[in-house]
Amino acid sequence: MSYQKRTALALASALAGTVVLMAAPAAHATVVDVDYKCKTPIGDKSAVSPIDIKSVKSGGGYRLTMSFQKGVSSSPVELGKGAMNPSAVIKVGGADPGQVQVSGPPNSAAIPANTPIRISDLSGTYTPKKSGKADFTAGVLTIKALGTTTTCTPSNNPGPSLQLDVTAVGNAQSTPGGGGQLPKTGPLDSAVALGTLGGTVLLAGAAGVLWLTRRGQGAVGR
C-alpha cells in the first residue's frame, strides 16, 4: 500500500472517531456523599451514603436510577421480606428545574434488627420540557415499613450526582392559514362535490329531454 493511501486511511479513521465523539451526548456522573438526617419512629438518626445517579434515554425522556452504596437508617425490630418500601425525590436544576419521583421494590430479604437498611435502586422517568443542561441531585428519601414512615433529608447541601444535556421533544403544531395551500376536503366534502356534479348532469338531461319533447310536439302540430 502506498504512503498516500495509508495517510488517507489514517486521516479518515481519525475523522470518523472525531465524528463519533462529537455525536455522543454530553453527560457527567459522579458519586456524591449525602449526609442524611432521618426522622424515625424511635427518634432522630443520621448516616452518610454515597449516592450515584445514572440515566438511560427512554423514548422522549430519560430513565433515572438512584443507587445507595450504604444504609441510611435502621430498625429496632427485624423487617421481614417485602416489609420495607423506599421512594425518593431527585431534584432537577438547570434548564428545566423541578423534581423527579423515584421508587424501588420492597426488600428482597429480611433485614435484621439494628442493622443499616440498604436501600434498593430507585428508578423513575424524567421528561424534559426544555432543552439544555440539567443536573440531578439527591433529595428527600422516604422509607415506609410496618405501618411507619421514616423521612431522611440531606443536610450537607450535596452537589449533583449527574449532569446531562437533555433534549425536549416538541409536538408539531399546525399554522393556521400558512403556506397558501388550498383547504383539504374530506370524504364528506368529496361526496357533496360529486353529488352536486351529478345533480348538474341530471338537470341538464332533464332540460334536454324537455327541449326534445317540445320540439317533437311542435313538429306534430305543423
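That block above? That's the structure.
Residues numbered from 1 in each chain as written. Predicted model: local features only at pLDDT ≥ 70, side-chain atom pairs only at ≥ 80, totals over all residues. Heavy atoms only, no water.

All right, on to the overall build of the protein then. Looking only at helices and strands, the protein features 2 helices and 10 strands. Tracing the protein from N to C terminus, the helices and strands come up as α-β-β-β-β-β-β-β-β-β-β-α. Burial analysis of the protein (222 residues in total) assigns 27% to the buried set. For the protein, the proportion of contacts with a sequence separation of at least 24, taken over those separated by at least 6, is 69%. Accessible area of the protein: about 14300 Å², with a carbon and sulfur share of 60%. (Helix = DSSP H or I, 4+ residues; strand = E, 2+ residues; numbered from the N terminus. Buried < 20%, exposed > 50% of the residue type's maximum accessible area, 1.4 Å probe, protein only. Contact = heavy atoms within 4.5 Å. Areas by Shrake-Rupley, 256 points an atom, 1.4 Å probe, with all protein chains shown as cover.)

What follows concerns the pattern of salt bridges. Applying the stated criterion across every chain yields a total of 4 salt bridges. For Asp44, the salt bridge goes to Lys39, with nearest N and O atoms at 3.2 Å. Assigned by exposure class, Asp44 and Lys39 land together as exposed. Between Lys54 and Asp52 there is a salt bridge, with its nearest N and O atoms 2.2 Å apart. (Salt bridge = Lys/Arg side-chain N within 4 Å of Asp/Glu carboxyl O.)

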